[in-house]
Amino acid sequence: MMNLAAEEIRRLTRKVVELDRRLAQATMPGTVAEIDHGKRQLRLRLGETSDGRPLLSPWVRWEEAGGDALLKVHVPPKVGALMTLHSPSGTIGEGSVARWSTYTDGNAAPSTAEDTAVLKAGETELHLKETGEILIKAAQKLTVDVGGVAFTITPEELAMSKRFRAKNGSRPAHYVGGVDSDGDLAIDGNEDLLI
């Protein structure tokens, strides 16, 4: 009888050790070490081996909003980005997914505003305020394209790809050297509107 009890205790001990291992592997922090953008997969550096070599995860997908969702989002990770390897079963492998980590002192949030959602990519920012205001910040260029008709804003100019119509406008702009409907030649014009 004692041998049976001892065997059961050993079996339960092994089970607890296995469950502890799986629980420890369910969520593991790491940094992006390698990326295959074509396959939409990456490997995380989860630590180091005893001889100092990087301990890498297998190739896994990174989590993004997709499927048949109303809003689809593409946010490619960068090497060195903080992520968490999520393996619901506790077994790292095909079912594992890399999830974005939280902000840190070395990777601050793009805003601390309570009434504004902010999307930031490099030097470009989109601010969506509860008041209904939208602010777009772009250091180099902003292009708005509707059906192939666009306007582009740079630090130097606002350029239109088609006709620009001012509020209730119905006539061409007045410019130096232009001839009006009566045949008169214009000697002055709006220097801020180039046509």
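Keep in mind it's a predicted model, so treat the numbers as computed, not measured.

## Observations concerning the sheet that holds strand β10 (residues 142-146)
Taken in spatial order, the 3 strands make up an open sheet running β10-β11-β12, and their pairing is antiparallel. Looking at strand neighbours, the two that pair on one side only are β10 and β12 (158-160), the edges of this open sheet. Taken pair by pair, the neighbouring strands of this sheet meet at an average axis angle of 10 degrees, ignoring direction. Here strand β11 (residues 149-153) runs beside β12; their pairing, made up of 3 bridges, is antiparallel. Counterpart to F151 in the pairing with β12 is M160.

## What to know about the pattern of salt bridges
Tallied over the full model, the rule gives 9 salt bridges. A salt bridge links R43 to E34; the nearest nitrogen and oxygen atoms lie 3.8 Å apart. A salt bridge links E125 to K120; its shortest N-O distance comes to 3.8 Å. In this structure E125 comes out as buried when scored by relative accessible area, which is 16%. Three or more residues are tied together by salt bridges with common partners; here these are E7, R10 and R14.

## Some words on the layout of surface pockets
Here the largest pocket is characterised by a volume of approximately 1,100 Å³. Considering the residues around the largest pocket, the lining is formed by 26 residues, among which V75, W100, Y103, K120 and A121 are closest to the centre. Breaking the lining of the largest pocket down by element, the ones donating at least two residues are β7 (116-121) and β8 (124-129). A total of 4 residues in the lining of the largest pocket trace back to one element, the largest contributor, which is β7. For the lining of the largest pocket, the per-class residue count stands at 16 nonpolar, 7 polar and 3 charged.

Parameters at a glance
Residues numbered from 1 in each chain as written. Predicted model: local features only at pLDDT ≥ 70, side-chain atom pairs only at ≥ 80, totals over all residues. Heavy atoms only, no water. Pairing = 2+ DSSP bridges. Helix = DSSP H or I, 4+ residues; strand = E, 2+ residues; numbered from the N terminus. Axes fitted to C-alpha atoms, helices over the stretch in contact; angles between N-to-C directions. Salt bridge = Lys/Arg side-chain N within 4 Å of Asp/Glu carboxyl O. Buried < 20%, exposed > 50% of the residue type's maximum accessible area, 1.4 Å probe, protein only. 1 Å grid on protein atoms, 1.4 Å probe; cavity = no way out; pocket = protein on both sides within 12 Å on 5 of 7 lines; lining within 4 Å. Points joined across faces, edges and corners; volume = space filled by probe spheres on them. Nonpolar A, V, L, I, M, F, W, Y, C, P; charged D, E, K, R; others polar.

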